[in-house]
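A structural walkthrough
The lines below spell out each chain.
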Amino acid sequence: MHQIVKAGFVIGMAGFMATSAMAQNVVKQFPSGLKWETMDLIGFNYNYPGFEGTPNERKIADAIWGSTIAGFPIRDGGQRWSAAIIQVTLENNAQRFIFTSLDSASVVYPECEDAINSKDPNTPIYTICPIRIIKQDKKTGQSTQAKYSGFCHIASNDGDQPKSRNYAQVAVSADGKTGYYRVVQYGKPAPECNRAFKLP
């Protein structure tokens, strides 16, 4: 699977960006019957518990984001800036969908907007980052992908805000044409983060 993911990246950026049009919208109510899957939390250059990710998702994340993370500058102390990735892989009979989003400080990864720094308990703790979706044909191994901006990226796992109360989930429509995204923050839905979007 790792090799299939890498093979998908031969797609030129022109084609990649062509599928990144504003084919997404905010959703007030999701269709019934969706099967939601929680995105795994994976940290790079980040040694805190709960950011290990499953071995398979970590391997995929490294294939997708490794070169981006390797381009981050070195911080004082000799380590590169950290990155937090949320990711999940979903499958149906014919297709495999990889949903993945990277967050780091905007000073090194300006595609993301940093979370608000506030002690107010109602302050959102998510950042705003792009999401990538990679669709693979399970028979041929061919891949297509899309990228959408403006998604809530939540990556929290500490004593006050564990990932069991702060996470993102995705679902795919039965026909494999539409993806859905939602976020739980402070143990409650964050409806401003709800999205529906066209799959590649």
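Our structure's up above, just so we're on the same page.
These numbers were taken from a predicted model, which means no experiment stands behind them. (Residues numbered from 1 in each chain as written. Predicted model: local features only at pLDDT ≥ 70, side-chain atom pairs only at ≥ 80, totals over all residues. Heavy atoms only, no water.)

Remarks on the nonpolar core
The condition is simple: As used in this record, nonpolar core signifies buried Ala, Val, Leu, Ile, Met, Phe, Trp, Tyr and Cys residues forming a set joined through side-chain atoms within 4.5 Å. Partly exposed describes any residue whose relative accessible area lies between the buried limit of under 20% and the exposed limit of over 50%, with all areas from a 1.4 Å probe on protein chains only and scaled to the type maximum. Secondary structure is summarised from DSSP: a helix means a run of H or I of at least four residues, a strand means a run of E of at least two, and numbering begins at the N terminus for each. Residues count as neighbours in contact if any of their non-hydrogen atoms are within 4.5 Å of one another.
Among the nonpolar cores identified, the biggest contains 25 residues, and M39, F99, Y181, V183 and F197 are the most heavily contacted of them. Taken together, the elements giving at least two residues each to this core come down to β4 (83-91), β5 (95-103), β6 (127-137), β7 (143-153), β8 (167-172) and β9 (178-185). Non-local contacts of M39, meaning those with residues more than four positions away in its chain, are made with I86, Q87, V88, F99, T100, A168, V170 and Y181. With 17 residues, the next largest nonpolar core counts A83, L102, C112 and C129 among its residues.

With respect to the pattern of salt bridges
Should the charged atoms of two oppositely charged side chains come close, the side chains can pair. For clarity, the threshold we go by: For salt bridges, the criterion is a side-chain nitrogen of Lys or Arg within 4 Å of an Asp or Glu carboxyl oxygen.
Going through the model one piece at a time under the given rule, you end up with three salt bridges. Among the ionic pairs, E91 bridges to R96, the shortest N-O distance being 3.1 Å. On the basis of relative accessibility, which here comes to 12%, the residue R96 falls in the buried class.

Observations concerning the state of the cysteines
Operational definition: Disulfide assignment relies on a single distance test, namely cysteine sulfur atoms paired within 2.5 Å.
One pass over the structure, following the stated rule, counts two disulfides. Note on cysteine connectivity: C112 is disulfide-linked to C129, with sulfurs 2.1 Å apart. Every disulfide takes its handedness from the sign of the S-S torsion; for C112 and C129 that torsion is 125°, giving right-handed. With C112 in the loop between β5 and β6 and C129 in strand β6, the pair connects residues that are 17 residues apart, well separated along the chain. A disulfide bridge connects C152 with C193, and the sulfur atoms are separated by 2.1 Å. The sign of the -85° torsion about the S-S bond sets the C152-C193 disulfide as left-handed. Of the two residues, C152 is situated in strand β7 and C193 in the loop between β10 (188-189) and β11 (195-198); the sequence distance between them amounts to 41 residues.

These figures come from the coordinates and say nothing about function on their own.
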